[in-house]
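Structural overview
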Amino acid sequence: MTNVRVRFAPSPTGSTHIGTARTALFNWLYARHTGGVFVLRIEDTDKERNTQKALDELIQGLKWLGIDWDEGPGTEDEYGPYFQSQRNDIYASYLKKLEDAGRTYEKEGAIYFKLEGERYTEFDQYVGAEIEKVKTQPVVIDDLIRGKVTRREERDFVLQRSNGDPSFHFVNVVDDIAMKITHVIRGEDHLSNTSKHVELFNAFGFEPPKFAHLPMILKSPKDGKGKMSKRDKGALIAEYRERDFLPEAVRNFIALLGWSPKDDQEVLSIAELVERFSLDGVQKGGARFDEKKMAHINFEYMKAMPIEAYTRSASSALRKTKLINDDTNQDYLASCLKICQAKIDSFENLPGFASYFFSEDYPINEKAESKVFKKGDAITRIQEITPVLESLEDWSEATLETAFNQLAEKLAAKPFAWFPVVRFAVSGTNSGPDFLPMLKILGKKRVLARLKNTEEKYA
RNA sequence: GUCCCGUUCGUCUAGUCAGGUUUAGGACGCAUGGAUUUCAUCCAUGAAACAGAGGUUCGAAUCCUUUACGGGACGCCA
């Protein structure tokens, strides 16, 4: 099984889509699992639409997800170059083979592939005109995921455009031959192209590679119907990076989109993914994208992070909103993050969750506000607790706990009679990290000041 | 319109290829309750699916046929 050669062949024409990333990942996993070779080939034959920006983003996205390539841009070996725009002489020589075999013809400046079979003309509903068709023999594709698929190609197609550039179907097959690709793993949207490709392999006299067509990633129901498009939320890999999702979580999540390890394990490290990946586990039907599940997986990874790594990632999100800067005390930051870590499922929510640790200008949650003041005794509670906290010499979780308990006992109440009020007073909301540790970290001075502010504001 | 592919809880899926061990399992989400103390956390419990119809069989989520629905392709785009 070590002769496996797979390729990921994107065209850099726009932002990298989650489906593109998944195709890359599945090819990569298959190569790593089988001990084969993963080739990155850039299909940039469309000069009009290719951009350097899209290419940079693609490369960056692959690296972010931990996908490296054995052959591709930057590697020197017998199969390169890996930009199709640099392989024109190879295409020319392959085109000549077809010309010599009498399998091409020219029409309006373009070179067409000539199918074999009886020709006839017919009005085509879709094209809306009378066109020439060919009664070809059906092509059987033995797909590793969906079994035998029979399809018949009935129209000649373009190999070389009138501007001299080779077409996708042509270069795709030529390069798969030239690069000795053994398995073509790609999206189901290519399934109906495959008969064209098999026709070409046959015309060149080469055995086609094994095909495996992956199910589509569909829109989440609230975004409508059909396959996920670049405009849907969560569709772009760059978006996850910008929103400070963890790459290992994104990778884990997209691996689960259309593939299953067949047991109940969902959190899989990259090593486990490589070890367990198999085309058998790939689903046939389309998978609908679910951002809640994505967030959940991200949360699992966030919880498992060592505090140092957590602090590093969190800092990035906090800096974006200017809540922290180079002067921020790292020990203080770490202690704040430590009590937040097990509470929120994405770093992008961190600023909203924890701003009061870093700024006096934190938002007031109106729902929490009305809830806290509904009973009408909130100010009294603040007036009761303030002197108790003021008198505290040692500001630790233990002394805070004792203080609340003693006050509660004295007034024949439960400590939680004060908790929500105090929490709101010091943080502007009714939820957050564990209460006592939060007070400790905020410190006596700040807690008392905020209690005082609240008392004056709402009195 | 033509061709191809698909269809298990709202969603991701296990079970389907080798029909009986299934009161169809897990996860996300949702609901309810609990966690001396808040909570977006944790725990427990619950609601929730084999698309429909025929057939084959002692027996079908699993095999066959068919209908419906969903998806994809049909470019001198990739």
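Residues numbered from 1 in each chain as written. Chains lettered and ligands numbered in written order. Predicted model: local features only at pLDDT ≥ 70, side-chain atom pairs only at ≥ 80, totals over all residues. Heavy atoms only, no water.

Turning our attention to the protein's contact with RNA strand B. For RNA strand B, the set of nearby residues contains 65 residues, the closest of which are Arg 161, Glu 266, Lys 343, Glu 401 and Arg 423. In RNA strand B, atoms within 4 Å of the protein come 68% from sugar and phosphate. Taking Glu 188, its side chain carries an N or O atom lying 3.3 Å from a sugar or linking oxygen of RNA strand B. Of all elements in the fold, only strand E4 (110-113), strand E8 (147-151), helix H4 (168-178), strand E13 (287-288), helix H9 (291-304), helix H16 (419-427) and helix H17 (435-442) reach the threshold of two or more residues within the surface near RNA strand B. It is H9 that provides the largest number of residues to the surface near RNA strand B, a total of 5 residues. (Near = heavy atom within 4 Å. Polar contact = N/O pair within 3.5 Å; in protein donor to acceptor, adjacent residues only side chain to side chain. Helix = DSSP H or I, 4+ residues; strand = E, 2+ residues; numbered from the N terminus.)

What follows deals with the pairing of strand E5 (residues 118-124). It is a general feature of regular strands that their side chains alternate between the two faces of the sheet. Where E5 and strand E6 (residues 129-135) come together, 7 bridges link them in antiparallel fashion. Note that in E6 the partner of Phe 123 across the bridge is Glu 130. (Pairing = 2+ DSSP bridges.)

Bringing the domain arrangement of chain A into the picture now. Annotation of chain A at the domain level lists domain 1 (5-214), domain 2 (221-303), domain 3 (305-357) and domain 4 (366-458). For the pairing of domain 3 and domain 4, the buried interface totals around 860 Å² over both sides, and the portion due to carbon and sulfur atoms is 68%. In terms of surface lost to domain 4, no three residues of domain 3 exceed Ile 339, Tyr 356 and Phe 357, which account for 63% of the buried area on that side. The interface formed by domain 3 and domain 4 contains 1 salt bridge. A salt bridge links Asp 434 to Lys 343, with the shortest nitrogen-to-oxygen separation between them at 3.5 Å. Per element, the largest residue contribution to the side of domain 3 that touches domain 4 is 5 residues, and it comes from helix H11 (residues 330-340). Of the residues contributing to the side of domain 3 that touches domain 4, the split by class is 7 nonpolar, 1 polar and 1 charged. (Domains from an automatic or database assignment. Buried area = accessible area lost by both parts, 1.4 Å probe. Salt bridge = Lys/Arg side-chain N within 4 Å of Asp/Glu carboxyl O. Nonpolar A, V, L, I, M, F, W, Y, C, P; charged D, E, K, R; others polar.)

A word on the pairing of strand E1 (residues 5-8). Residues Arg 5 and Arg 7 of E1 are buried on one face, and the alternating residues Val 6 and Phe 8, pointing to the opposite face, are buried as well. Read from E1 through helix H1 (residues 18-34) to strand E2 (residues 37-40), the crossover connection turns out right-handed. (Buried < 20%, exposed > 50% of the residue type's maximum accessible area, 1.4 Å probe, protein only. Right-handed = clockwise from strand over helix to strand, strands pointing away.)

Considering all chains together, one arrives at 20 aromatic pairs under this definition. Relative to Phe 289, the ring of Phe 253 lies with its centre 5.7 Å away and its plane at 85°, an arrangement referred to as edge-to-face. Taken together, the residues span a long stretch of sequence, with Phe 253 in helix H7 (residues 247-255) and Phe 289 in the loop between E13 and H9 at a distance of 36 residues. Here Phe 253 falls in the buried class, since its relative accessible area comes to 3%. Of the aromatic side chains, those joined through ring pairs into one cluster are Tyr 332, Tyr 356, Phe 357, Phe 358 and Tyr 362. Looking at Lys 135, its charged tip hangs above the ring of Tyr 120, at a distance of 5.3 Å from the centre. Between the NZ or CZ atom of Lys 196 and the centre of the ring of Phe 157, over which it lies, the distance is 5.9 Å. (Phe/Tyr/Trp six-rings, centres within 6.5 Å; stacked < 30°, edge-to-face > 60°. Lys NZ or Arg CZ within 6 Å of the ring centre and 35° of its normal.)

Contact geometry of H16 with H17 gives a least axis separation of 11 Å together with a crossing angle of 35°. In the crossing of H16 with H17, the sense of the turn from one axis to the other is left-handed. Facing H16, whose interface residues are Phe 419, Val 422, Arg 423, Val 426 and Ser 427, H17 presents Phe 435, Leu 436, Met 438, Leu 439 and Leu 442. Residue composition of the contact of H16 with H17, grouped by class: 8 nonpolar, 1 polar and 1 charged. (Axes fitted to C-alpha atoms, helices over the stretch in contact; angles between N-to-C directions. Left-handed = near helix turned anticlockwise from the far one by under 90°. Contact = heavy atoms within 4.5 Å.)

Time to look at H7. When you tally the buried positions in H7, you get 8 out of 9 residues, the bulk of the element. Restricting attention to buried positions, one finds in H7 the residues Pro 247, Ala 249, Val 250, Arg 251, Asn 252, Phe 253, Ile 254 and Ala 255. Tucked inside the fold, the buried residues of H7 contact H1, helix H2 (52-64), helix H6 (237-242), helix H8 (270-276) and H9.

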